[in-house]
Amino acid sequence: MTLKDNVALQTGPSVELRSKSATQSPICLVCGGQTVKRFSKEFHRTDVHYFMCQTCYHLTAGEINTDPAYGGGSYFKEIDTGWKNRNKRILDFVRWISRLPSIHLSAHSMALDFGCGAGQLVEDLNRIGFNAYGFEPFSEGVSLSDRVFTDWSQTRGILNQIELVTCIEVLEHLRDPHTILEKLSRILVPSGYLLISTETYDIGVHTEDWYYLNPEAGHASIFSEKSLRFLLLGFHFEPILRISGSVWLFRNVTAHPRKFVERGYFALSQLRVKSGLRLNYRDATQISDRQDKKISGRY
């Protein structure tokens, strides 16, 4: 999703944000708390200020010049150049978590990639057996998949049927994440899963040189761990796995609270991430593939 796309999705708090001066502290987009100016980044000969919430540490950008045109796929060619490798990692993650005990997903589950761009992840998910769709209201050029919706009304046929929503590098572009989470909550089955990829701000680690403070990429709303979990909890999503520093698996717990094993998954994965340890999910998935073939007599 691009900076240009974000303009059309802005409602609520963003209107108030634009009405204020570039240096006046806005309210937090997530919890409504008071903010203070934390960072400033030069963009198009102006300073874009990032304001930190004093309650949840969320970073909210002031007004960003939206004149640059990112059409024709140039966003992915010039700015988000690592999207192909990221999609491969996300695909490995999805395959791996769908085989974990007590995670009620399979290779045949229905999935929706929200903010899917041209639909590459949708194609990849369908290729490995998922029944996947995508949603991209501002398509960057020609879609790769005929299963990509460009209008939310087109998703009516799959309401309450989606078991997994992937939301990859989208939330940081949104001035009104609550509206998007409300939509995603409605499209998921009870106890459905939400896989989110977005970098999280750590007040003790990240400085003004952090690459994610990027007005050119349209990063207007940067989450901390606290603000991300606060936002998701407001829609009854609780974390099940911290897959990497930027990738989280949440589940809607309205119908069924987190089980003991799910709490254990999150506690151990959170400890692993905090300790800087990495797990090779691709190798783990390949081991599972070989085990499945042995069981079925195909190996």
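Refer to the structure printed above.
Description of the structure in this document. (Residues numbered from 1 in each chain as written. Predicted model: local features only at pLDDT ≥ 70, side-chain atom pairs only at ≥ 80, totals over all residues. Heavy atoms only, no water.)

## Notes on the overall build of the chain
What the chain contains, in helices and strands, is 9 helices and 11 strands. Sorting the 299 residues of the chain into buried and exposed places 52% on the buried side. Residue pairs at least 24 apart in sequence account for 65% of intrachain contacts in the chain once pairs closer than 6 positions are excluded. (Helix = DSSP H or I, 4+ residues; strand = E, 2+ residues; numbered from the N terminus. Buried < 20%, exposed > 50% of the residue type's maximum accessible area, 1.4 Å probe, protein only. Contact = heavy atoms within 4.5 Å.)

## Digging into the pattern of salt bridges
Inspection of every chain in the model, using the stated rule, returns 6 salt bridges. The partner of Glu 225 in a salt bridge is Arg 242, and the shortest N-O contact between them spans 3.3 Å. Here Glu 225 is found in helix α7 (residues 225-233), whereas its partner Arg 242 is found in strand β10 (residues 237-242), with 17 residues between them in sequence. A salt bridge links Arg 251 to Glu 262, with the shortest nitrogen-to-oxygen separation between them at 2.8 Å. Of this pair, Arg 251 sits in strand β11 (residues 247-252) while Glu 262 sits in helix α8 (residues 260-274), placing them 11 residues apart in sequence. Here the two residues Arg 251 and Glu 262 agree in accessibility, since each one is buried. Overlapping salt bridges bring together Glu 225, Arg 242 and Lys 274 as one network. (Salt bridge = Lys/Arg side-chain N within 4 Å of Asp/Glu carboxyl O.)

## Section: the pairing of strand β2 (residues 46-53)
Most of β2 sits inside the fold, with 6 of its 8 residues counted as buried. In the sheet, strand β1 (residues 35-43) pairs with β2 via 8 bridges, with the strands oriented antiparallel. The residue of β2 that forms the bridge with Phe 43 is Thr 46. Linking β1 to β2, which pair antiparallel, is a turn of 2 residues; within it His 44 sits at a positive phi near 55°. (Pairing = 2+ DSSP bridges.)

## A closer look at the sheet that holds strand β8 (residues 188-197)
Spatially, 7 strands are ordered β6-β5-β4-β7-β8-β11-β10 in an open sheet, and the strand pairing comes out mixed. Where the open sheet ends on each side, the last strands, each with one partner, are β6 (148-149) and β10. Pairing analysis gives 5 bridges linking β8 to β11, with the strands arranged antiparallel. Its bridge partner lying in β11, Ser 197 is registered against Val 247. Strand contacts of helix α6 (residues 177-187): β4 (110-114), β7 (162-168), β8 and β10, with the helix running at about 135° to β8, the strand carrying the most contacts. Against the sheet, α8 contacts β8, β10 and β11, and its axis sits at roughly 55° relative to β10. (Axes fitted to C-alpha atoms, helices over the stretch in contact; angles between N-to-C directions.)

## A look at the sheet that holds strand β9 (residues 221-222)
Pairing is antiparallel in the open sheet, where 4 strands are placed in the order β1-β2-β3-β9. Only two strands of the sheet have a single partner each, and these edge strands are β1 and β9. Pairing geometry for β2 and strand β3 (residues 59-61), over 3 bridges, is antiparallel. By the bridge assignment for β3, Met 52 is matched with Leu 59.

## A short note on the nonpolar core
With 34 residues, the main nonpolar core has Phe 114, Val 165, Leu 194 and Leu 232 as its most contacted residues. Every element with two or more residues in this core is listed here: β4, β5 (131-135), β7, α6, β8, α7 and β11. Looking at which element gives the most residues to this core, the answer is α6, with 4 residues. Those residues in contact with Leu 232, other than ones at most four positions away along the chain, are Leu 181, Leu 194, Ile 196, Phe 237 and Phe 250. Counting 27 residues, the second largest nonpolar core, distinct from the first, contains Ile 90, Val 122, Phe 130 and Ile 168. (Core = buried A, V, L, I, M, F, W, Y, C linked by side-chain atoms within 4.5 Å.)

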